[in-house]
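# Structure at a glance
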Amino acid sequence: MRTRLSSWLHKLKSLFCGVCSNQPSSPSPSPVKKAELQPPSAATPAKPRYNAADFTFSKIIGGSAIKLPGQLPEGAPFDIVECEKSTLLLLDCTAQVTIDACRDCIIVVGPCDGSVFVRDCERCTIIVATRQFRLRNGRLLHLSLYCATDPVIEASEDVKFSCFSFTYKELEDQFAKAKLPILKNQWSQIYDFSDSSNKNFTLTSPLTRNDLNLTLNLQEKLLDYEQASPVVPVVYGRMQPPSDQRLAFISFADDDTTIKALRTVQESAKILHIRERKYAVIDIERFFENPGVKDMAKAADHCMVAELHIGSESLPTWCVALPADIYISPSFEAGKRDLTNIL
């Protein structure tokens, strides 16, 4: 009996173990991936959302509007449309600006990498820095202009042009961002498609901040953006009559050094023209009279030449205080020869 019982228990035990061995085993935990062990990365900042109103001053009547540096995305166009009796300041870089059908406005446009188009506007003061400028059907306008190429007008009359003279803290960096060469301002080289006699426009003196009659509200907003030194040298171009009191300013220095020197110069002299002059070795003897200038010219292939008008009979003290790689004619007689030779 005991033998049978033992045998039966042995079979039951074997059967039980077999059933247990046929049960599916619990899945082993999967290895944790390394990425799951790392702390979550910071979320990518959302891009700012813009709508059409962010790129337009439209139908502002008797008011003001301002875009401060950095408020527009890079390469953005901008439209100023059907505004009247308003002050509109666009102090940011743009790719293209269109100003249409504005009346009795003061408008400032910061550096534009492309073209500024002004159409169907009357009795406005417009301050612009741009690569190309086009005016059509304008009347009684004052255009304070920096333009890297010759401005073009058409079907317009009673238009005054002057050299760009507005400034604010971010302006020089914006010129660099828009790749506008500060020393190349063609503001007075105007081409009129409608009339070659130049009767539709005149050249006049640069504007000052007081000429703009900015409202107190805009003056407060501009306070942090003002900069004492002008960024663009004031060039009088064709408006200055011929004079014997002229000197040649010839720079073989880099652009930054040349610009700083010209800012010093214009404190007591008028800059009539600034031109880049490229030359070959065979031109050096013909272009340059002074032996020291010839030596500097041999180490380069171009220079910046400015024609200066001095209002006094004596030479200013800065003539001997400029960097060594900048030459100033030592006398009015030498200046006349230098300018004739190189220009």
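Residues numbered from 1 in each chain as written. Predicted model: local features only at pLDDT ≥ 70, side-chain atom pairs only at ≥ 80, totals over all residues. Heavy atoms only, no water.

### Here's the deal with the nonpolar core
One recurring pattern in soluble globular proteins: nonpolar side chains tend to sit buried together. Formally: Residue types Ala, Val, Leu, Ile, Met, Phe, Trp, Tyr and Cys, when buried and joined through side-chain atoms within 4.5 Å, form a set referred to as a nonpolar core. Burial classification: accessible surface area is computed with a 1.4 Å probe over protein chains only, and a residue below 20% of its type maximum counts as buried, one above 50% as exposed, and the rest as partly exposed.
Ranked by size, the top nonpolar core spans 84 residues in total, and within it I99, F133, F161 and F249 carry the most contacts. Core analysis: the second largest hydrophobic core is formed by 14 residues, Y279, F287, C303 and Y327 among them.

### Regarding the state of the cysteines
Using the following cut-off: Whenever a pair of cysteine sulfur atoms sits within 2.5 Å, that pair is classed as a disulfide.
Counted under the stated rule, the structure contains zero disulfides. Of all cysteine sulfurs in the structure, the one in C112 sits closest to C93, which takes part in no disulfide; the separation is 9.0 Å. Under the relative-accessibility criterion, C93 is labelled buried at 10%.

### Things to note about the pattern of salt bridges
Our working rule: A side-chain nitrogen of Lys or Arg and a carboxyl oxygen of Asp or Glu constitute a salt bridge if their distance falls within 4 Å. Only DSSP runs of H or I reaching four residues or more are called helices, and only runs of E reaching two or more are called strands; each is numbered from the N terminus.
This structure, assessed with the given rule, holds 13 salt bridges. A salt bridge links E289 to R337, with the nearest nitrogen and oxygen atoms 2.9 Å apart. Taken together, the positions of E289 in the loop between α7 (284-287) and α8 (291-298) and R337 in helix α9 (residues 332-342) put the pair 48 residues apart, joining distant regions of the chain. For E289, a relative accessible area of 37% puts it in the partly exposed group.

### Some points on the environment of Q174
Threshold: Contacts are assigned to residue pairs with any non-hydrogen atoms lying within 4.5 Å of each other.
Within the fold, Q174 resides in helix α3 (residues 171-177). Take Q174: its relative accessible area is 6%, and that puts it in the buried class. When the C-alpha positions of Q174 and G70 are compared, they lie 9.9 Å apart, and in sequence the two are 104 residues distant. Not counting chain neighbours up to four residues away, the residues in contact with Q174 comprise P69, L91, D92, C93, P111 and Y168.

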